[in-house]
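Residue strings, one per chain:
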Amino acid sequence: MPRGRYSLHDTHDHTPLGEEQFHCATGPSGWRYTARTTDASGRTTGSVDLTLDDLGRPVRLELHSGDWQVRGTALDGVTWVRTDATGEHAQEGNAPAHSFTGTSPAFLVATARLLCPVLGSPPTRVRLVAFTHPVLAPRTVDQSWALVNRTAHPTDNGTLTVNEYQVTALDTGEQHLLHIAGDVVLSAPGVELEDLDTPPSTFV
């Protein structure tokens, strides 16, 4: 059950945005990720709680950012409720999408788990609902994912397999690479793994 810390920074000018302290675990019924987010000064800014089933589908999502929160699940595509602290501005949403995404590295693991691309195969297209910070506003994004490399690294705890994915934003054509080992993101645009107390878990 890995526990660790990611640093988050702006992908354009590398300005530090804060950190995400996380805990995640695989099980026979899926995967769960919980985290607390802080800004660059260390002030708590929100939280992430994501549970996937054994096929990588989001069965439960709860995001908090400032005075806003989102609860979502895979239902008729994906369905969510977004509300403020008072509950006066609650809004329900639904989209014919495959899953959710956002600033948390958890969503990168979740999408990779959902798609399970095969090394060398053509890119797989996916539609996601992204919740943008700081107000968790939803927007639909289309991406393609391809597994372009797989590397085995010997460690004191056995072999660590690192998957390299190429992700393309289909609206702009912008491409980037990310590296995932099991259920931990090693590096991605705007994300760096700073601490990890146990090796990544392996999905069956």
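Note: the structure precedes this text.
No experiment lies behind these values; they were computed from the predicted model shown.

Student: So what exactly am I meant to see when it comes to the pattern of salt bridges here?
Tutor: Side chains that differ in charge, positive against negative, can pair when their charged atoms come close. Within this structure, the stated rule accounts for 10 salt bridges. In this structure, Asp-49 and Arg-60 form a salt bridge, with 3.0 Å as the shortest nitrogen-oxygen distance. Residue Asp-49 is found in strand 4 (residues 44-53), and its partner Arg-60 is found in strand 5 (residues 58-65); the two are separated by 11 residues along the sequence. With a relative accessible area of 13%, Asp-49 lands in the buried category. Three or more residues joined by partner-sharing salt bridges are found here, namely Arg-32, Asp-49, Arg-60, Glu-62 and Arg-71.

Student: Help me understand the environment of Leu-114 in this model?
Tutor: Tracing the chain through its elements places Leu-114 in helix 1 (residues 106-115). In this structure, the C-alpha to C-alpha distance between Leu-114 and Leu-17, residues 97 residues apart in sequence, is 28 Å. Apart from residues no more than four positions distant in its own chain, Leu-114 is found in contact with Leu-55, Gly-56, Arg-57, His-98 and Ser-99.

Student: Mind showing me how you'd approach the pairing of strand 6 (residues 68-73) here?
Tutor: A regular strand carries its side chains on alternate faces of the sheet. For strand 5 and strand 6, the ladder comprises five bridges, and the chain directions are antiparallel. Bridge pairing in strand 6 places Glu-62 opposite Arg-71. Between the antiparallel neighbours strand 5 and strand 6 lie two residues, among them Gly-66 with a positive phi of about 60°. In this structure, strand 6 lies alongside strand 7 (residues 78-84), joined through six bridges in antiparallel fashion. Note that in strand 7 the partner of Arg-71 across the bridge is Val-81. If you look at the hairpin formed by strand 6 and strand 7, you'll find four residues sitting between the two strands, and Asp-76 has a positive phi there, around 50°.

Calculation rules
- Throughout this document, residue positions are counted from 1 along each chain, in the order its sequence is written.
- Two thresholds apply to this predicted model, a pLDDT of at least 70 for residue-level local features and 80 or more for giving and counting side-chain atom pairs, whereas whole-chain, interface and lining totals are computed over all residues.
- As a rule here, side-chain values come from all non-hydrogen atoms in the structure, and water together with hydrogens is ignored.
- What makes a salt bridge here is a side-chain nitrogen of Lys or Arg within 4 Å of a carboxyl oxygen of Asp or Glu, nothing more.
- Only runs of H or I of at least four residues qualify as helices and only runs of E of at least two qualify as strands under DSSP, and these elements are numbered from the N terminus.
- The rule is simple: take the accessible area with a 1.4 Å probe, protein chains only, and divide by the maximum for that residue type; under 20% is buried, over 50% is exposed, in between is partly exposed.
- Any two residues whose heavy atoms approach within 4.5 Å are treated as being in contact.
- Strand pairing requires that DSSP identify at least two bridges connecting the strands.

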